[in-house]
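Structural characterization, general
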Amino acid sequence: MTGVQAALGRWLQVQRWFAGKNQSVRNVTVTSDVPLVPAPAHDGPEARLLIVAAEMGDGTVQRYQIPVGVRASVPPWLCADPIAVVDGRLFYEATSDPELMSVLLQRVAAGGWSGPVRFRSEQEGALRLAARAGLDVRPLQAEQSNSSVVFGERFILKLFRRAVVGTNPDLDVLRRIGGEAGAPIAPVLGSIEVDTERGPVTLGLVQSFAPGAVDGWTLATTAGDGAEPAPDDFAALDAAVRSTHPALARAFGSGALTPSSAGRLTAGMSVRLEEALEQVPALRPFAPGLRASLAVEPHGPPSGRLQRIHGDLHLGQVLRTGDGWLLIDFEGEPSASPAERVAWRSPLQDVAGMLRSIDYAARTRGEDGPGWAHGAAEAFLRGYGGITSADRRLLRVFELDKAVYEVLYETRNRPDWVSVPLAAVREALGQQPAEAPR
């Protein structure tokens, strides 16, 4: 694997799911190499599952999983993403290979171990017959931090690229409440996990696929000829979010929002703000207003509950199907630590995330956006229900905190989009930025 390991640093930096685009990669080490399809006797494909450690320019280490296909000759139907050519064999990203992905689904359906990798069928028999049926295979193109493959428009395999120790929050939520009556969450059908020297790591999961489903972002941004989305396009989305929060509270517990927990919320937002101010010069003129506004206590006595929430809720994380809305991707914010992703937070932070996403979608629509955004946001709040005047004040704090997070995220990943959350910050403060310090 020496030649492949040397090429991985360059290859990683151009992958859309790679989180270190704003840094250099000093070195990449393969820490786990598990054969999924053994080396063939003749000209067939080989598949390996790699866990790699990327040493970043700032000295930190990021770990990723990379399913790798190996072929001596490449069939014309395979659109391979090459990593390296070593000894006449092509090493490539395996999610583009239908043959190898079909084998991977079969391994999940059958269960069992391959070295340190455990394949598990979470619902007995749900995958086994279908996995043998020669389903059409296609990778999805829209994801950022993960990779997904669809099988016969019936199943979807999500591969978690970041190899983080512990059970992935998405898998944890799906195991506990997926398929629960009233919870708009598809159950997990299968999973892939690996034992590493640092502990167990979730590599992937399988769910039922909803053919014809469309995500909320697409609905909100692609109405043709300047037409606004139809009012009923988003009907019942508020109810889907509302019903998810009690299910999460039942599964993971909840507690009162007290003065001390409100203080911790404020402290967390302050840390995020100072990080953003340090890395985004365009945000610094707003610093006085932001520091004054991002505090929970001045907005009234804290009330409500803290619990497990979605943590990264936006229009791209909801799917409209023929049967209603589904919430997906319960991993939490991509930049959050494992502990932050599972910490109890206010459900209003999910509501704020959806309101910020509506604002984002509206701003991409152009002149007709603001009117649609106001109406859509108010309709969502009415449908979610139980939003008091004190909740509204707290929501404004959470929306501003989310906008600050978005400014930093866009600066790191999509600089051309920074103006969207910056405009939201300016409008939320209701003032022009203070003069930047000299």
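To start, this report covers the structure provided alongside it. (Residues numbered from 1 in each chain as written. Predicted model: local features only at pLDDT ≥ 70, side-chain atom pairs only at ≥ 80, totals over all residues. Heavy atoms only, no water.)

A closer look at the sheet that holds strand 5 (residues 89-93)
Keep this limit in mind: One bridge is not enough; two strands pair if DSSP finds at least two bridges between them. Strands are runs of DSSP state E lasting at least 2 residues, helices are runs of H or I lasting at least 4, and numbering of each runs from the N terminus. Axis definition: a line fit to C-alpha positions, over the contact stretch in the case of helices; interaxial angles, taken between N-to-C directions, run 0 to 180 degrees.
Read across the sheet, 5 strands follow the order 1-2-3-5-4 without closing on themselves; strand pairing throughout is antiparallel. Each edge of the open sheet carries a strand with a single partner, namely strand 1 (25-37) and strand 4 (82-86). Sheet twist, expressed as the average angle between the axes of neighbouring strands with direction ignored, equals 30°. Bridge analysis of strand 3 (residues 61-71) against strand 5 gives 4 bridges, and the strand direction is antiparallel. Its bridge partner lying in strand 5, Arg71 is registered against Leu90.

Some remarks on empty space enclosed by the protein
To keep things clear, this is the line we draw: The definitions used throughout rest on a 1 Å grid laid over the protein atoms alone, on which a cavity is an enclosed set of points accommodating a 1.4 Å probe that cannot get out and a pocket is an open set flanked by protein within 12 Å on both sides along at least five of seven lines; lining residues are those having an atom within 4 Å of a point. Grid points are joined across faces, edges and corners, and a volume is the space filled by probe spheres set on the points. Basically, the charged four are Asp, Glu, Lys and Arg, the nonpolar ten are Ala, Val, Leu, Ile, Met, Phe, Trp, Tyr, Cys and Pro, and anything else, Gly included, counts as polar.
Per the counting criterion, the structure on display carries 4 cavities of 30 Å³ or more. Approximately 60 Å³ is the volume attributed to the second largest cavity. Together, Leu36, Val37, Ala47, Arg48, Pro67, Val68, Ala94, Leu100, Met101, Val103 and Leu104 line the second largest cavity. Elements represented by at least two residues in the lining of the second largest cavity include exactly strand 1, strand 2 (46-56), strand 3 and helix 2 (98-110). Sorting elements by how many residues they give to the lining of the second largest cavity places helix 2 first, with 4 residues. Here the residues of the lining of the second largest cavity are counted per class, giving 10 nonpolar, no polar and 1 charged.

Some thoughts on the side chain of Glu93
For the record, the criterion: In protein, a polar contact requires one atom able to donate a hydrogen and another able to accept it; more generally it is a pair of N or O atoms within 3.5 Å, and residues adjacent in sequence count only if both atoms are side-chain atoms. Contacts are residue-level and defined by heavy atoms, with any inter-residue pair within 4.5 Å sufficient.
Position of Glu93 relative to the elements: it lies in strand 5. In terms of polar contacts, Glu93 uses its side chain to reach the side chain of Thr95, at 2.6 Å. Sequence-distant contacts of Glu93, defined by excluding residues within four places in its chain, comprise Trp11, Ile66, Pro67, Asp81, Ile83 and Arg161.

A closer look at the environment of Trp17
How we decide: Residue exposure (1.4 Å probe, protein chains only): buried if accessible area is under 20% of the type maximum, exposed if over 50%, otherwise partly exposed.
With respect to the helices and strands, the residue Trp17 is situated in the loop between helix 1 (2-12) and strand 1. Owing to a relative accessible area of 6%, Trp17 belongs among the buried residues under this scheme. Measuring from C-alpha to C-alpha, the distance between Trp17 and Gln141 comes to 11 Å, with 124 residues separating the pair along the chain. Once you skip the residues sitting within four places of it in the chain, Trp17 turns out to touch Trp11, Leu12, Tyr64, Ile66, Gln144, Ser145, Asn146, Ser147 and Arg161.

Comments concerning the pairing of strand 4
Two faces belong to every sheet, and in a regular strand the side chains alternate between them. Direction of pairing for strand 4 relative to strand 5: antiparallel, over a ladder of 4 bridges. Considered in strand 5, the bridge of Ala84 is made with Phe91. Hairpin geometry of strand 4 and strand 5 is characterised by an intervening segment of 2 residues between the two adjacent antiparallel strands and by a positive phi of about 55° at Asp87.

Describing the packing of aromatic side chains
Just so we agree on the cut-off: Centre distance within 6.5 Å is the pairing criterion for rings of Phe, Tyr and Trp, where only the six-membered ring of Trp is used; planes under 30 degrees apart are then read as stacked, over 60 as edge-to-face, and the remainder as tilted. Cation placement over rings: the criterion is NZ of Lys or CZ of Arg within 6 Å of the ring centroid and within 35° of the ring normal.
Overall, the coordinates contain 9 aromatic pairs when judged by the stated rule. Note on Phe18 and Tyr64: the rings are 5.3 Å apart at their centroids and 45° apart in plane angle, and the pair reads as tilted. Here the residue Phe18 occupies a position in the loop between helix 1 and strand 1, and Tyr64 occupies one in strand 3, the gap between them amounting to 46 residues. Look at Phe18 and you get buried, because its relative accessible area is 1%. A residue is classified by how much of its surface remains accessible, and Tyr64, at 0% relative accessible area, is buried. A ring pair is formed by Phe234 and Trp325, whose centres lie 5.9 Å apart and whose planes are at 15°; its orientation type is stacked. Taken together, the residues span a long stretch of sequence, with Phe234 in the loop between helix 5 (216-221) and helix 6 (237-252) and Trp325 in strand 17 (residues 324-327) at a distance of 91 residues. By relative accessible area, which is 6% here, Trp325 ends up buried. Within the aromatic cluster, the residues linked to one another by ring pairs are Trp11, Trp17, Phe18 and Tyr64. If you follow Arg308 out to its NZ or CZ, it ends over the ring of Phe252, 4.3 Å from the centre.

Considering the packing of helix 12 (residues 389-413) against helix 13 (residues 419-429)
Note the cut-off: Under this scheme an angle from 65 to 115 degrees is roughly perpendicular, one under 35 degrees roughly parallel, and one over 145 degrees roughly antiparallel; angles in between are oblique. Working rule for handedness: look at the near helix, and if it is turned counterclockwise from the far one by less than a right angle, call the crossing left-handed; if clockwise, right-handed.
Running from N to C, helix 12 and helix 13 point in directions that differ by 155°, and their axes come no closer than 8 Å. The angle between helix 12 and helix 13 falls in the class roughly antiparallel. Considering how the two elements wind past one another, helix 12 and helix 13 form a crossing that is left-handed. For the pair formed by helix 12 and helix 13, the contact residues are Leu400, Ala403, Glu406, Val407 and Glu410 on the first element and Pro421, Leu422, Ala424, Val425, Ala428 and Leu429 on the second. Here the contact of helix 12 with helix 13 is composed, by residue class, of 9 nonpolar, no polar and 2 charged.

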